[in-house]
Amino acid sequence: SLLPQAFSRLTKVYAYFDRNNNRLILNTTNAKKTEVFTSMLQKSIEDLTITPLPLKNLNTIMTNWIQRDNLPKAFNIEDACVLKDLAMASKIIRFKGQDLFSKSIQLFLADSYKVDQITITWQDRATFVLKENFNLCTIKYIEEIAADNEAIESKDEKIIADFIIMTDLFNLLLNDLLKICEK
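Residues numbered from 1 in each chain as written. Predicted model: local features only at pLDDT ≥ 70, side-chain atom pairs only at ≥ 80, totals over all residues. Heavy atoms only, no water.

Colleague: What is the right way to read the pattern of salt bridges from this model?
Modeller: Pairing between side chains of opposite charge can happen when the charged atoms of each approach one another. Counted according to the given criterion, the structure contains 3 salt bridges. The partner of Arg23 in a salt bridge is Asp18, with the nearest N and O atoms 3.3 Å apart. Accessibility assignment for this pair places Arg23 and Asp18 in one class, buried. One salt bridge in this structure joins Lys91 and Asp85, with 3.5 Å as the shortest N-O distance. We classify Lys91 as partly exposed; its relative accessible area is 32%. (Salt bridge = Lys/Arg side-chain N within 4 Å of Asp/Glu carboxyl O. Buried < 20%, exposed > 50% of the residue type's maximum accessible area, 1.4 Å probe, protein only.)

Written as structure tokens, this is what we have:
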């Protein structure tokens, strides 16, 4: 009877409400954790409705970025991506440290592969991986942004200041990204 408790693992999911844009942002890309979090949140707050964002087909959008080099000016494509053959999901190719506009990659795209994830820089302020399901992973802000809070001595105040800066920047990044990806 104690066995189920013996191997339990505590995980945290952080979230914030972007009240200006009416969005809930979670720090997880795990579908199960997202489902548990949103379910518990809806049970806790009466009349709360959570609906996913209506998105265009991101495989097609990201593939077009590489095929036509037509990413909006706020973004730059970095040197890493994952291609997937949508007809045969087990066919996956990972590129890192490559010119994503090269002829060899263009040949894969012409041969039914689509971009499944891609590394992008936004306004020279943050780099992240965008996945086909609109998950943003491996978000890294430039060091100057984090350095603004170095003078703060209190650990709790520093966490709060970092969070405020991160959410402000992330909201701007998300707004630029949704201009492209939202239906």
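There is more to say after this.
Colleague: Please clarify how the environment of Asn20 should be interpreted in this entry.
Modeller: As for its position among the elements, Asn20 is in the loop between β1 (15-18) and β2 (23-26). In this structure, the C-alpha to C-alpha distance between Asn20 and Cys137, residues 117 residues apart in sequence, is 23 Å. (Helix = DSSP H or I, 4+ residues; strand = E, 2+ residues; numbered from the N terminus.)

Colleague: Help me understand helix α2 (residues 31-44) in this model?
Modeller: Residues lying three or four places apart along an α-helix face the same way, a consequence of the helix completing one turn every 3.6 residues. Along its 14 residues, α2 runs 20 Å from first to last C-alpha, staying within 8% of the 20 Å computed at 1.5 Å per residue. Here α2 starts with a cap whose side-chain oxygen sits 2.9 Å from the backbone nitrogen of Lys32, and that cap is Asn30. (Expected span 1.5 Å × (residues − 1). Polar contact = N/O pair within 3.5 Å; in protein donor to acceptor, adjacent residues only side chain to side chain.)

Colleague: So what exactly am I meant to see when it comes to the packing of aromatic side chains here?
Modeller: Inspection of every chain in the model, using the stated rule, returns 3 aromatic pairs. Ring geometry for Tyr16 and Phe163: centres 5.8 Å apart, planes at 90 degrees, overall edge-to-face. Residue Tyr16 is found in strand β1, and its partner Phe163 is found in helix α6 (residues 155-181); the two are separated by 147 residues along the sequence. Judged by centre distance (5.5 Å) and plane angle (85 degrees), the ring pair of Phe108 and Tyr113 falls under edge-to-face. Given the relative accessible area of 31%, Phe108 is considered partly exposed. One aromatic cluster in this structure is built from Phe95, Phe108 and Tyr113. (Phe/Tyr/Trp six-rings, centres within 6.5 Å; stacked < 30°, edge-to-face > 60°.)

Colleague: I would appreciate a short explanation of the packing of helix α3 (residues 58-68) against helix α4 (residues 103-110) in the present structure.
Modeller: Packed helices, taken two at a time, are described by their axes: the angle between them and the distance between them. Contact geometry for α3 and α4: axes closest at 10 Å, N-to-C directions at 140 degrees. It follows that α3 is oblique to α4 by the angle criterion. The handedness of the crossing between α3 and α4 comes out as left-handed. In this structure, α3 contributes Thr63, Ile66 and Gln67 to the contact, and α4 contributes Ile105, Gln106, Leu109 and Ala110. Its residues assigned to classes, the contact of α3 with α4 comprises 4 nonpolar, 3 polar and no charged. (Axes fitted to C-alpha atoms, helices over the stretch in contact; angles between N-to-C directions. Parallel < 35°, antiparallel > 145°, perpendicular 65-115°, else oblique. Left-handed = near helix turned anticlockwise from the far one by under 90°. Contact = heavy atoms within 4.5 Å. Nonpolar A, V, L, I, M, F, W, Y, C, P; charged D, E, K, R; others polar.)

Colleague: How should unusual backbone geometry be read in this particular structure?
Modeller: Residue Asn22 is not a glycine yet carries a positive backbone phi of 55 degrees. Even without glycine at this site, Ser112 takes up a positive phi of about 75 degrees.

Colleague: When you look at the nonpolar core in this model, what are you seeing that I'm missing?
Modeller: One recurring pattern in soluble globular proteins: nonpolar side chains tend to sit buried together. In terms of nonpolar packing, the biggest core is built from 35 residues, with Trp65, Ile66, Leu83, Ile118, Phe128, Leu130 and Phe134 touching the most fellow members. Elements with a minimum of two residues in this core: α3, β3 (75-85), β4 (92-96), α4, β5 (113-122), β6 (126-131) and α6. If one sorts the elements of this core by residue count, α6 sits on top with 8 residues. The residues contacting Phe134, other than those within four sequence positions of it, are Leu53, Leu55, Leu58, Leu174, Leu177, Leu178 and Cys181. (Core = buried A, V, L, I, M, F, W, Y, C linked by side-chain atoms within 4.5 Å.)

Colleague: I tried to follow the sheet that holds strand β7 (residues 136-141) on my own but got confused; where do I start?
Modeller: Strand pairing in a sheet relies on backbone hydrogen bonds, with the paired strands running either antiparallel or parallel. If you trace the 5 strands from one edge of the open sheet to the other, you get β4-β3-β5-β6-β7, paired in antiparallel fashion. With one partner strand each, in any of the chains shown, β4 and β7 form the two edges of the open sheet. Ignoring strand direction, the axes of neighbouring strands in this sheet form an average angle of 15 degrees. Bridge count between β3 and β4: 5 bridges; the pairing is antiparallel. Following the sheet pairing, Val82 is matched in β4 by Arg94. Its contacts with the sheet place α4 against β3, β4 and β5, and it is angled at close to 135 degrees to β5. Along the sheet face, α6 touches β3, β5, β6 and β7 and points at about 130 degrees away from the line of β7. (Pairing = 2+ DSSP bridges.)

That's the geometry; what it means functionally is another story.
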